[in-house]
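Residues per chain, in single letters:
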Amino acid sequence: MHEVKKAIPEGIDTAAIREAAKHLEDGPVTVGYQADRKQIIDMLNGALATELVCVLRYKRHHYTISGVQNGPIKAEFLQHALEEQEHADQLAERIVQLNGQPDFNPATLAERSHAEYDDSSSIQSMVKANLIAERVAIEAYRQMIEKIGETDPTTRHMLIGIMAKEEEHADDMRDLLA
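How each quantity is defined
Residues numbered from 1 in each chain as written. Predicted model: local features only at pLDDT ≥ 70, side-chain atom pairs only at ≥ 80, totals over all residues. Heavy atoms only, no water. Helix = DSSP H or I, 4+ residues; strand = E, 2+ residues; numbered from the N terminus. Core = buried A, V, L, I, M, F, W, Y, C linked by side-chain atoms within 4.5 Å. Buried < 20%, exposed > 50% of the residue type's maximum accessible area, 1.4 Å probe, protein only. Contact = heavy atoms within 4.5 Å. 1 Å grid on protein atoms, 1.4 Å probe; cavity = no way out; pocket = protein on both sides within 12 Å on 5 of 7 lines; lining within 4 Å. Points joined across faces, edges and corners; volume = space filled by probe spheres on them. Nonpolar A, V, L, I, M, F, W, Y, C, P; charged D, E, K, R; others polar. Salt bridge = Lys/Arg side-chain N within 4 Å of Asp/Glu carboxyl O.

(A) View of unusual backbone geometry. Positive phi, normally seen in glycine, also occurs at N99, with a value near 65 degrees. Inspection of the secondary structure assignment puts N99 in the loop between α3 (71-97) and α4 (109-112).

This is the structure in structure tokens:
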């Protein structure tokens, strides 16, 4: 009889793969996870606070803008609020996957946020405040992505997707400002 051996590709750490079957309480975080989890969770909680402040700012702008001619801008603000909420949900879910606790504490939300809340009343001021906040978010995500590097590909991929949407939002606000 001929014995068939399974070929293990070179460079694959079989022991680490088998180790992944242990420590089930860690969920998706295996021994091969290279990032500093606490640092990643802290960064993600800062991003979560930013997204929540952005939701609130866009919602306020949506509800306080008036005038029939401003319907498209009102709709744009609402769409952005919904997309910012999706980002917040993604961030909270990832924090939990990393065995952390998402921080939704409203008492400290503004101080943890990278972006600021805005209660301006003119449409131009609202659009400008949103463009500023989008640019702040883009730079914050860019820095987080750079800091993470290749140590946490799942978080990095998620942040790249969120940043791409923030760039679309900034482009939309720039168009409205013109």
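Moving on from the model shown.
(B) Spatial organisation of the nonpolar core. Counting residues in each nonpolar core, the largest one holds 39 residues, and the members touching the most others are I40, L44, F77, L91, Y141 and L159. Listed by contribution, the elements that provide at least two residues to this core are α2 (37-64), α3, α5 (123-148) and α6 (153-177). Among residues more than four places away in sequence, those in contact with F77 are Y58, H61, H62, I65, M126, V127, N130 and M173.

(C) Quick peek at the layout of surface pockets. As a volume, the largest pocket reaches approximately 170 Å³. Lining the largest pocket are 13 residues, and of these Y33, R94, D152, P153 and T154 lie nearest its centre. Across the lining of the largest pocket, the residue classes break down as 5 nonpolar, 5 polar and 3 charged.

(D) Spotlight on the pattern of salt bridges. Considering all chains together, one arrives at 9 salt bridges under this definition. A salt bridge links E139 to R142; the shortest N-O distance between them is 2.6 Å. Taken as a pair, E139 and R142 lie in helix α5 at a separation of 3 residues, close to a single helical turn. Under the relative-accessibility criterion, E139 is labelled partly exposed at 32%. For the salt bridge of D171 with R174, the shortest nitrogen-to-oxygen distance reads 2.5 Å.

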